[in-house]
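# Analysis of the macromolecular model
Residues per chain, in single letters:
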Amino acid sequence: MAQSNMHQQLQQASQQIKDAQGAVLQAQGADAQLLEQAHQQLEKAEHVLQQTQDQAGQTATENAQFQQAYEQLHDVRQQVQEAKQNNNDVL
């Protein structure tokens, strides 16, 4: 896999994760639809990361940008779960 292609895919995943995080912050305490949108964006980002790993193998997993995106994905997914739980508690 070309290094620039892997970089592009990692940038795409990172942007999707950031977008999802923004949706989570907007949705906390209110909007289940935004939380679902954030969840879908995280699914897309996870797919891109998995595809990158499948194509680049260990080169991807050792890449600092890949590791950061994967950690962000995990963190934002946790935020989505917490926000969903908070919304359920409010309702």
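Data block above holds the structure.
Presented here is an overview of the structure given in this document. (Residues numbered from 1 in each chain as written. Predicted model: local features only at pLDDT ≥ 70, side-chain atom pairs only at ≥ 80, totals over all residues. Heavy atoms only, no water.)

## A word on the pattern of salt bridges
Pairing between side chains becomes possible if they bear opposite charge and their charged atoms approach one another. Per the stated rule, a full pass over the model turns up two salt bridges. A salt bridge links Glu 43 to Arg 77; the shortest N-O distance between them is 3.7 Å. Note that Glu 43 is positioned in helix α2 (residues 32-56) and Arg 77 in helix α4 (residues 64-90), a separation of 34 residues in sequence. Judged by relative accessible area, Glu 43 falls into the partly exposed class, the value being 36%. Assessed through its relative accessible area of 24%, Arg 77 is described here as partly exposed. (Salt bridge = Lys/Arg side-chain N within 4 Å of Asp/Glu carboxyl O. Helix = DSSP H or I, 4+ residues; strand = E, 2+ residues; numbered from the N terminus. Buried < 20%, exposed > 50% of the residue type's maximum accessible area, 1.4 Å probe, protein only.)

## Focus: the environment of Asn 87
Among the structural elements, Asn 87 can be located in helix α4. By relative accessible area, Asn 87 is classed as buried at 8%. Remark: the alpha-carbon pair of Asn 87 and Ala 32, spanning 55 residues in sequence, is separated by 7.5 Å.

## A closer look at the packing of aromatic side chains
Summed over all chains, the structure comprises one aromatic pair. Judged by centre distance (6.4 Å) and plane angle (15°), the ring pair of Phe 66 and Tyr 70 falls under stacked. Of this pair, Phe 66 and Tyr 70 both sit in helix α4, four residues apart, roughly one helical turn. According to the relative accessible area criterion, Phe 66 is buried, its value standing at 5%. For Tyr 70, a relative accessible area of 49% gives the class partly exposed. (Phe/Tyr/Trp six-rings, centres within 6.5 Å; stacked < 30°, edge-to-face > 60°.)

## Side note on the nonpolar core
One finds Ile 17, Val 24, Ala 38, Leu 42, Leu 49, Leu 73 and Val 76 to be the most contacted residues of the largest nonpolar core, which totals 22 residues. Broken down by secondary-structure element, the contributors of at least two residues to this core are α1 (3-27), α2 and α4. Excluding residues within four positions of it along the chain, Val 24 makes contact with Leu 35, Ala 38, Val 76, Gln 79, Val 80 and Ala 83. (Core = buried A, V, L, I, M, F, W, Y, C linked by side-chain atoms within 4.5 Å. Contact = heavy atoms within 4.5 Å.)

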